[in-house]
Amino acid sequence: MFKRREILKHLTALPLVGGVTTLVTGPLQAKSLLSPARDYFKELGVRTFINAAGTYTSMTGSLMLDEVKEAIMYATQDYVILDDLQDKVGERIASLVKCEAATVTSGAASAITLGTAGVLTGMDEVKAGQLPHLKGTGMKTEVIMQKAHDIPYAHALKNCGVNVIFVETAAELEKAINKETAMMFFVNANNFDGKIQVEEFVKIAKKHNIPTMNDCAADVPPVENLWKYTQMGFDLVCFSGGKGLRGPQSAGLLLGKKEYVAAARLSAAPRGNTVGRGMKVNKEEILGILAALEYYLSKDHEQEWKMWENQIAHIQSAVKDIDGLKSTVDVPPIANHVPTLNISWETNKVKISGDGVKEELRNGHPSIEIAGGGENSVSITTWMLVPGQERIVAKRLGEALTKASV
Ligand SMILES: *Cc1c(COP(=O)(O)O)cnc(C)c1O
């Protein structure tokens, strides 16, 4: 199903200077299937850069793989009925990630809104047309979440008109559940920040028969997360398509129970009188995310991890001997779970701020974006690099910090 041989032919082990071994995937192939005749970004005067920061919407997410671009190009050539395509792709995705049902959304935030809408309306199109107004409609009005999970993206719930009720402890949670409770919302990345952790959260919801949603937007790798949380018992799970999966940036996945995924579709395009009409995905995104997911499931994750470790080690080696500077390689436990180089320094020995280093890398040629910043630290990931770019990042970062050290 994954055409493993096809995919492997795009993978080549490449030894690099400094003993760094790297893996060449789609985007580095010199002649991609799409080499546009116009240099639009240059023409427009829009800066392009090497992304050593990570998957940020503000930085346009990730680079789509050639497999994804091929699927998108394919999709441009024919008309289909949008609902037919969502039906079939949803079935395929559900079987790939071992859940009951799936649908393609325009991102994880859209999956949150559409999933919430589905839980509120059930299979009632009149109710879908009434959202985001809940009063007097017979729909429930409250979603419960932990205070420690209150991230900006939780606004996606409020698009459906619900009141978000915040709790801290399991006892508070059980007390907060009432006849207006439509759903319990969990942010996977914040699991260890809250007092109620993921399994206990599901257990409490089951006890009270309340539907649950888990926002796992940035939570691949590891690949198992694609089925871990639906199998744990979450009714709905949301993923971004344009982060670790490297599908279209305007795509996401809503996974879970058939009854809720089907109901969520009532609030999605092509239906017009809905909260989700502005979150349209077309055949291009739908096939694009399918191709990205199939590729992701078939790839050698261990090999990719080793490549990231080697890239990070190469960058670390360019700065680690600087006096007064400390560098560590950390892996966030959930979300953006990739080797991350954290660098900090004593500003009396390295006379530049973290923001200063970021500025310098941004303003140089080629421009480079890194994460962190502030007074005396920066951080770097390599998963969004085109393999080979780690050498440029190492050199430029080494120069910036060495020059500032006294
Ligand atoms: C990125 C992110 C989102 C939004 O995802 P999109 O796919 O950009 O809509 C939501 N929740 C969390 C935790 C995220 O990291």
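Residues numbered from 1 in each chain as written. Predicted model: local features only at pLDDT ≥ 70, side-chain atom pairs only at ≥ 80, totals over all residues. Heavy atoms only, no water.

(A) Region of the structure containing the sheet that holds strand β8 (residues 212-215). What the seven strands build is an open sheet, ordered β4-β10-β9-β8-β7-β5-β6; its pairing is mixed. Of all the strands in the sheet, just β4 (101-105) and β6 (163-167) have a single pairing partner and so form its edges. Each neighbouring strand pair of the sheet contributes to a mean axis angle of 25°, computed without reference to strand direction. Note: strand β9 (residues 236-240) against strand β10 (residues 252-256), five bridges, orientation antiparallel. Looking across to β10, one finds that Val237 is bridged to Leu255. Packing against the sheet, helix α5 (residues 108-121) makes contact with β4, β5 (142-146), β7 (181-187), β8, β9 and β10, and its axis sits at approximately 160° to β9. Docked against the sheet, helix α9 (residues 198-208) engages β5, β7 and β8, running at close to 170° with respect to β7. (Pairing = 2+ DSSP bridges. Helix = DSSP H or I, 4+ residues; strand = E, 2+ residues; numbered from the N terminus. Axes fitted to C-alpha atoms, helices over the stretch in contact; angles between N-to-C directions. Contact = heavy atoms within 4.5 Å.)

(B) Quick look at the packing of aromatic side chains. On inspection of all chains with the given rule, the structure shows five aromatic pairs. Ring centres 4.9 Å apart and planes at 55° place the aromatic pair Phe186 and Phe201 in the tilted group. Here Phe201 lies in helix α9 and Phe186 lies in strand β7, a separation of 15 residues in the sequence. The pair Phe186 / Phe201 is uniform in exposure class, with both members buried. A network of ring pairs unites the aromatic residues Phe186, Phe201 and Phe234 as a single cluster. Here Lys98 stacks its cationic end above the ring of Trp227, 3.8 Å away from the centre of that ring. Seen from the ring of Tyr153, Lys243 lies directly overhead, with NZ or CZ sitting 5.8 Å from the centre. (Phe/Tyr/Trp six-rings, centres within 6.5 Å; stacked < 30°, edge-to-face > 60°. Buried < 20%, exposed > 50% of the residue type's maximum accessible area, 1.4 Å probe, protein only. Lys NZ or Arg CZ within 6 Å of the ring centre and 35° of its normal.)

(C) Spatial organisation of the site of the ligand. Taken together, Thr57, Gly107, Ala108, Ala109, Ile151, Tyr153, Asp215, Ala217, Ala218, Ser240 and Lys243 make up the full set of residues near the ligand. Ala109 is positioned with one of its backbone polar atoms (N or O) 2.9 Å from an oxygen atom of the ligand. Lys243 is positioned with one of its side-chain polar atoms (N or O) 2.8 Å from an oxygen atom of the ligand. Its free accessible area being 380 Å², the ligand has 85% of it covered by the protein chains. Among the residues making up the shell around the ligand, the classes are represented as six nonpolar, three polar and two charged. (Near = heavy atom within 4 Å. Polar contact = N/O pair within 3.5 Å; in protein donor to acceptor, adjacent residues only side chain to side chain. Areas by Shrake-Rupley, 256 points an atom, 1.4 Å probe, with all protein chains shown as cover. Nonpolar A, V, L, I, M, F, W, Y, C, P; charged D, E, K, R; others polar.)

So far we have only geometry, and geometry alone does not tell us how the molecule works.
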